[in-house]
Amino acid sequence: MSLRIGDDAPNFTAQTTLGVIDFHQWLGDTWGIIYSHPADFTPVCTTELGRTAQLKDEFSKRDTKVVAVSTDDLEAHKGWINDINETQNTKVEFPIIADTDKNVATLYNMIHPNFSTTATVRSVYFINPAKKIQAIITYPASTGRNFTEILRVLDSLQLTAGHSVATPVDWEVGQDVIISPSVKQEDVEVKFPKGHRVIKPYLRYTPQPNK
Ligand code: BEZ
């Protein structure tokens, strides 16, 4: 089954490098990211997991737990973590799922059979505290993900979850945001006391409300 934005994030129980987890219980009330890797001991994946570990504080600041998925086994994961720590000068402290039966990869549609019938692609699912999927990114094995973009998406999702705004092209934290078209012009001043600019009736900017 293919998952879409707004769908419930499927729950599962899995073996991880930090013990068995029930995914929903492990997430608790936080935001979550679950992302897949084609295989252990591969170069691009090694750099991605290293970056995730290096960004631990950034994910914590955003109240977000990260879990990686690879279909290799626990023993391989543990050996690979040593390599990641050594080569990426970091310490992997987040769990990596040993998805040997491909249960999680199947639930999250991480195997794209026309690409590979066995290895997962590079999927990223962003999950909100209500356990709903809020964004999905998918790359092929040959393209490492951009973790600046992953944090940027998280910032946008968390901002727009709490305010009637959307983030424009190439937006970064601190820049002006777009007032949602659903906000009536007569309500704008009350809703956005920091001010606003009307470029067109449908294109209205306001300073980032939560900064
Ligand atoms: C990698 O992580 O480097 C990789 C994995 C599978 C295919 C190509 C690259």
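Each chain has its residues counted from 1, following the order in which its sequence is written. Given that this is a predicted model, residues contribute local features only at a pLDDT of at least 70 and side-chain atom pairs are listed and counted only at 80 or more, while totals for whole chains, interfaces and linings are drawn from all residues. Hydrogens are left out, water is left out, and the side-chain values use all remaining heavy atoms of the structure.

The subject of this paragraph is the UniProt feature "active site" (unreviewed entry) in the protein chain. UniProt positions are given in the numbering used here, feature names are shortened, and annotations may be inferred rather than shown by experiment. UniProt marks Cys45 with the feature "active site" (unreviewed entry), using the numbering shown here. Note on conventions: DSSP H or I runs of at least 4 residues are helices, E runs of at least 2 residues are strands, and numbering of each starts at the N terminus. Its location among the elements puts cysteine 45 in helix α2 (residues 43–54). Judged by its relative accessible area of 0%, cysteine 45 falls in the buried class. Whether two residues are in contact is decided by their heavy atoms: any pair within 4.5 Å suffices. Among all residues touching cysteine 45, those that are not within four sequence positions of it are His37, Pro38, Ala39, Trp80 and Arg122. For each residue, the accessible area found with a 1.4 Å probe, counting protein chains only, is set against the maximum for its type, and the residue is called buried under 20%, exposed over 50%, and partly exposed in between.

With that settled, the discussion passes to the nonpolar core. Among buried residues, those of type Ala, Val, Leu, Ile, Met, Phe, Trp, Tyr and Cys that are joined through side-chain atoms within 4.5 Å constitute a nonpolar core. Counting residues in hydrophobic clusters, the biggest one holds 26 residues, and the most contacted among them are Ile33, Tyr35, Leu49, Phe59, Phe94, Phe126 and Ile150. Where this core is concerned, the elements lending two or more residues are β3 (31–36), α2, β4 (64–70), α4 (74–88), β6 (122–127), β7 (133–139) and α6 (147–162). At six residues, α6 tops the list of elements feeding residues into this core. Not counting residues up to four positions away in its chain, the partners in contact with isoleucine 33 are Phe59, Thr64, Lys65, Val66, Val67, Val124, Tyr125, Phe126, Ile150 and Leu154. One finds Ala14, Trp26, Val67 and Ile133 within the second-largest nonpolar core, a separate group that totals 20 residues.

On to the packing of aromatic side chains. Working definition: an aromatic ring pair is given by the centre-to-centre distance plus the angle between the planes. A pair of aromatic rings is counted whenever rings of Phe, Tyr or Trp (Trp by its six-membered ring) have centres within 6.5 Å, and the orientation is called stacked for planes under 30 degrees apart, edge-to-face for over 60 and tilted otherwise. Evaluation of the coordinates by the stated rule reveals six aromatic pairs. Taking the centre distance of 6.2 Å and the plane angle of 90 degrees together, the rings of phenylalanine 12 and tyrosine 108 count as edge-to-face. In this pair, phenylalanine 12 is assigned in the segment before β1 (13–16) and tyrosine 108 in the loop between α5 (103–107) and β6, connecting sequence segments 96 residues apart. Under the relative-accessibility criterion, phenylalanine 12 is labelled buried at 5%. Centre to centre, the rings of tyrosine 35 and phenylalanine 147 are 6.0 Å apart; their planes meet at 75 degrees, and the pair counts as edge-to-face. Taken together, the positions of tyrosine 35 in strand β3 and phenylalanine 147 in helix α6 put the pair 112 residues apart, joining distant regions of the chain. Taken individually, tyrosine 35 and phenylalanine 147 each receive the classification buried, so the pair is uniform in this respect. Through pairs of rings, three or more aromatic residues link up here, namely Phe12, Phe23, Trp26, Tyr108 and Tyr125. The ring of tryptophan 26 has lysine 65 lying over it, and the distance from NZ or CZ to the ring centre is 5.4 Å. To sit over a ring, a charge needs its Lys NZ or Arg CZ within 6 Å of the ring centre and within 35 degrees of the ring normal.

A cutoff of 4 Å decides nearness: a residue is near a molecule or strand if any of its heavy atoms lies inside that distance of it. Every residue near the ligand is listed here: Pro38, Thr42, Pro43, Val44, Cys45, Arg122 and Ala141. Whenever a nitrogen or oxygen atom comes within 3.5 Å of another N or O atom, the pair is scored as a polar contact, on the condition that within protein one atom can donate a hydrogen and the other can accept it, and that pairs from neighbouring residues in sequence are kept only if both atoms are in side chains. At 2.9 Å from an oxygen atom of the ligand is found a side-chain nitrogen or oxygen belonging to arginine 122. Computed on the free molecule, the ligand has an accessible area of 260 Å², of which 71% lies beneath the protein chains in the complex. Among the elements that take part in the shell around the ligand, α2 stands out by supplying three residues, more than any other. Polar here means any residue other than Ala, Val, Leu, Ile, Met, Phe, Trp, Tyr, Cys and Pro, which are nonpolar, and Asp, Glu, Lys and Arg, which are charged; Gly is therefore polar. For the shell around the ligand, the per-class residue count stands at five nonpolar, one polar and one charged. Only the protein chains shown count as cover for residues, and all accessible areas are computed by the Shrake-Rupley method using a 1.4 Å probe.

Our focus in this paragraph is the sheet that holds strand β10 (residues 197–200). The strands that make up a sheet are held in pairs by hydrogen bonds between backbone atoms, and each pair lies either parallel or antiparallel. A strand pair is defined by DSSP finding two or more bridges across the two strands. Strand order in this open sheet of four strands is β8-β9-β11-β10, and the pairing throughout is antiparallel. Two strands close off the open sheet at either side, each with one partner strand: β8 (165–166) and β10. Examined bridge by bridge, β10 and strand β11 (residues 203–206) share three bridges and lie antiparallel to one another. In the sheet register, lysine 200 faces β11, and the bridge partner there is leucine 203.

This next bit is on the packing of α2 against α4. Axes, fitted as lines to C-alpha atoms, cover a helix only where it is in contact. Angles between the N-to-C directions of the axes lie from 0 to 180 degrees. The contact between α2 and α4 brings their axes to 9 Å, and the two run at 75 degrees. The angle between α2 and α4 places the two elements in the roughly perpendicular class. Counting all contacts with α2, which are made through Cys45, Thr46, Thr47, Leu49, Gly50 and Gln54, the residues of α4 involved are Trp80, Ile84, Thr87 and Gln88. Roughly parallel means an angle under 35 degrees; roughly antiparallel means over 145; roughly perpendicular covers 65 to 115; every other angle is labelled oblique.

On to α4. Counted at 1.5 Å a residue, the expected span for α4 with its 15 residues is 21 Å, and the 20 Å between its end C-alpha atoms agrees. Of all the positions in α4, only Ala76, His77, Trp80, Ile81, Ile84 and Gln88 are classed as buried. Burial along α4 is one-sided: seen end-on, the buried residues are contained in an arc of 140 degrees. The exposed set on the far side of α4, more than 90 degrees from its buried face, consists of Glu75, Asn82 and Glu86. Its buried side turned inward, α4 meets α2, β4 and β5 (96–98). Its side-chain oxygen at 3.3 Å from the backbone nitrogen of glutamate 75, aspartate 73 defines the N-terminal cap of α4. Downstream of α4 by a residue or two, asparagine 89 has a phi angle that is positive, lying close to 55 degrees. One fewer than the residue count of a helix, multiplied by 1.5 Å, yields its expected span. By arc we mean the arc of the directions from the helix axis to the C-beta atoms, nothing more.

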